[in-house]
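Commentary on secondary and tertiary structure
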Amino acid sequence: MAAQTEKMAVPTDAELLKAQADLWRHTLCYLTPMALRCAVELGIPTAIHGLGGTASPTDLIAALSLPPSKLSLLGRLLYQLATAGVFDTPDAGTTYRLNPISYLLVDGVHIDGDACQTAIVRVASSRYYVEAAFGLADWFRKDFDGPVPSPFEDLHGATIFDDSMALLDPEMDKLVHEAKASHNHMGIGLVLRQCHDLFQGLESLTDLCGGDGTTARAIVRAYPQIKCTVLDLPKVIDKAPTEGVVKYVAGDIFHVVPPAQAVLLKSVLHLWSDEDCIKILAQCKKAIPPRGAGGKVIVIDIVLSSASGLMLETHHLVDMLKLVMTRGRQRDEKDWSDIFMKAGFSEYKIFKKVGARAVIEVYP
């Protein structure tokens, strides 16, 4: 017998009018990241910073050498970004002030690692990303033979962080790596300050996909007894600094992980499918000693359903980004537990939540 379906009540006039306004907001909200990209490309946050942290549209027209005829139009752009929370406007549009969001977009400012996040804005609003998202419906209709490529791979014939991306567009490939670095570096100082027990007693650590070693160097500065190794692709390691504080190894996380007491996976596993994550974690398990000797894997990543409100929405927007751009995804705690156990680990603990991400200890 067919299941009974509940008949939806006809919305009231008031509900329909509100729904229409909500639909406008959802349909037009793509204009907010485009306005944000415009502000970044014009250098508005940096200009406001240079003007003491607060500026009027008139101040910005002069500072950025924009045509005076654009004064009222610039005011509309700024007000939209203020309503979205990017700037503060204490006097309803007369002046605009930097807040924590726009402070992250000031060139040359370093708070916690490489704080400036402009590369993330430029990448996420680039034509490559937007075109991939634009083709989602066509992608869902396709029946692929073999592994399912991401919409980005299917459309552009390239994979981010892969040599194919450099062949598609070298400048975009460079920007993608800059965005990844600024994303990864942000917050490591907070982790080091608030998670002392995470690193206490460690003598060695391997940072997988550690890039130029910014995170590893920060760990060594805070805990000089830890010998840090960074593993990344040859093209990344070739550009790494040679200061001698960190050891750099060129390699592939699927094949060999340099042995250490602990292995760090910071914003790495969300780029990969569950099957690939299990392979990566299995290599990590081979690289560390038993739990009694301090062996562990440290995962820093999003745990879905561990937040509410705007943070929950942010988590799922990032998951949609992974759907469009990669074969990976964000995971809830059960998903994490499943891949940890399938990779041969015995236990895990969510050590602490830091901003949008969680710090997880995984034990052999």
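Residues numbered from 1 in each chain as written. Predicted model: local features only at pLDDT ≥ 70, side-chain atom pairs only at ≥ 80, totals over all residues. Heavy atoms only, no water.

The protein carries the name O-methyltransferase ZRP4 in an unreviewed UniProt entry, which gives Aegilops tauschii subsp. strangulata as its organism. Its UniProt record gives the protein the following Sequence similarities (unreviewed entry) comment, quoted word for word: "Belongs to the class I-like SAM-binding methyltransferase superfamily. Cation-independent O-methyltransferase family. COMT subfamily." (UniProt positions renumbered as here; feature names shortened; annotations may be inferred.)

1. Notes on the sheet that holds strand β3 (residues 96–98)
Adjacent strands of a sheet pair through backbone hydrogen bonds, lying either parallel or antiparallel. Reading across the sheet, the three strands line up as β1-β3-β2 and stay open at both edges, with antiparallel pairing between neighbours. The open sheet is flanked by β1 (54–55) and β2 (87–88), the only strands paired with a single partner. As judged from the two bridges shared by β2 and β3, these two strands associate in the antiparallel manner. Residue pairing in the sheet places D88 in a bridge with R97 of β3. The strands that helix α5 (residues 71–83) touches are β2 and β3; relative to β3, the one it contacts most, it runs at about 50°. (Pairing = 2+ DSSP bridges. Helix = DSSP H or I, 4+ residues; strand = E, 2+ residues; numbered from the N terminus. Contact = heavy atoms within 4.5 Å. Axes fitted to C-alpha atoms, helices over the stretch in contact; angles between N-to-C directions.)

2. Things to note about the pairing of strand β11 (residues 347–354)
Examined bridge by bridge, β11 and strand β12 (residues 357–363) share seven bridges and lie antiparallel to one another. The residue of β12 that forms the bridge with E347 is Y363. A loop of two residues connects β11 with β12, the two strands running antiparallel in sequence, and G355 in this loop sits at a positive phi of about 65°.

3. Some points on the packing of aromatic side chains
In this description, a pair of aromatic rings is defined by centroid distance and the angle of the planes. Per the stated rule, a full pass over the model turns up six aromatic pairs. Ring geometry for W139 against F140: centres 4.9 Å apart, planes inclined by 75°, an arrangement best described as edge-to-face. Under the relative-accessibility criterion, W139 is labelled buried at 14%. Judged by its relative accessible area of 58%, F140 falls in the exposed class. Three or more aromatic residues link up through ring pairs in this structure, and these residues are W336, F340 and Y348. The side chain of R127 reaches across the aromatic face of Y128, ending 4.3 Å from its centre. The ring of W336 carries the charged tip of R331 above its face, separated from the ring centre by 5.5 Å. (Phe/Tyr/Trp six-rings, centres within 6.5 Å; stacked < 30°, edge-to-face > 60°. Buried < 20%, exposed > 50% of the residue type's maximum accessible area, 1.4 Å probe, protein only. Lys NZ or Arg CZ within 6 Å of the ring centre and 35° of its normal.)

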